[in-house]
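Residue strings, one per chain:
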Amino acid sequence: MLQRTLVVIVWLVLAGCSMNPSAPASTRNLYERLGGKAAITAVVDDAVANIAADPRINRRFANANIPHLKTNLVDFLCARSGGPCTYTGRNMSDAHEGMNIRDDEYDALVQDLVKSLDKFNVGAREKGELGAMLAQMRNAVTGH
């Protein structure tokens, strides 16, 4: 349940470095522009630490299997950004059913993710693409 919320965070994490710096940015997909799986993993690890320290939402993750959550988030972001990973977790709506996640909690998670993106100097274009993905997922995560 909380794992799916972190998956959303990881989406924001994907903005960053490049796997193929010699290729023009316009021809690289988001996964490549973020720096690939290693960069996504670093952002997810940092974002999960931010969430764990955030009193606005950390109670939501008190009973979560954190290693499993991180793996799912990395795979989710990797796959959704055009990388070679396969996400095998549940869809966002089913994963968050019955959790009654509020909009302010969703926003807090996004803020924690953005902190990590900023820490790793993810570009504005990549953050924008991740933000658009998260905005599309809001209704599947909140309010039910």
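Structure first, text after, so check above.
Residues numbered from 1 in each chain as written. Predicted model: local features only at pLDDT ≥ 70, side-chain atom pairs only at ≥ 80, totals over all residues. Heavy atoms only, no water.

Asks: Would you take a moment to explain the overall build of the protein chain for this structure?
Replies: The secondary structure content of the protein chain amounts to seven helices and zero strands. Counted from the first residue to the last, the protein chain has its helices and strands arranged as α-α-α-α-α-α-α. Taking all 144 residues of the protein chain together, 49% fall into the buried category. Within the protein chain, contacts between residues at least 6 apart in sequence are counted, and of these 82% link residues at least 24 apart. With an accessible surface of roughly 6,600 Å², the protein chain has 52% of that area assigned to carbon and sulfur atoms. (Helix = DSSP H or I, 4+ residues; strand = E, 2+ residues; numbered from the N terminus. Buried < 20%, exposed > 50% of the residue type's maximum accessible area, 1.4 Å probe, protein only. Contact = heavy atoms within 4.5 Å. Areas by Shrake-Rupley, 256 points an atom, 1.4 Å probe, with all protein chains shown as cover.)

Asks: Just to check I follow, could you spell out helix α3 (residues 36-52) for this structure?
Replies: Helical geometry note: an α-helix holds 3.6 residues per turn, so side chains three or four residues apart project in the same direction. Here α3 is 17 residues long and its end C-alpha atoms lie 24 Å apart, about the 24 Å a rise of 1.5 Å per residue gives. Buried within α3 we find G36, A39, I40, V43, V44, D46, A47, V48, N50 and I51. (Expected span 1.5 Å × (residues − 1).)

Asks: Just checking my understanding: could you explain the nonpolar core for this structure?
Replies: The nonpolar side chains of a soluble globular protein tend to be buried with one another. Counting residues in hydrophobic clusters, the biggest one holds 34 residues, and the most contacted among them are I40 and V44. At the level of secondary structure, the elements contributing two or more residues to this core comprise α2 (30-34), α3, α4 (66-80), α6 (103-119) and α7 (124-141). (Core = buried A, V, L, I, M, F, W, Y, C linked by side-chain atoms within 4.5 Å.)

Asks: Any chance you could explain the pattern of salt bridges here in plain terms?
Replies: When the charged atoms of two side chains with opposite charge come close together, those side chains can pair. This model, assessed by the stated rule, comprises 15 salt bridges. Ionic pairing is found between D46 and K119, a salt bridge with its closest N-O pair at 2.9 Å. Of this pair, D46 sits in helix α3 while K119 sits in helix α6, placing them 73 residues apart in sequence. D46 gets classed as buried once you look at its relative accessible area, which sits at 14%. Taking the shortest distance from any N to any O, the salt bridge between D107 and R138 comes out at 2.3 Å. In this pair, D107 is assigned in helix α6 and R138 in helix α7, connecting sequence segments 31 residues apart. In this structure, a network of salt bridges that share partners links the residues R59, R60, R102, D104 and E105. (Salt bridge = Lys/Arg side-chain N within 4 Å of Asp/Glu carboxyl O.)

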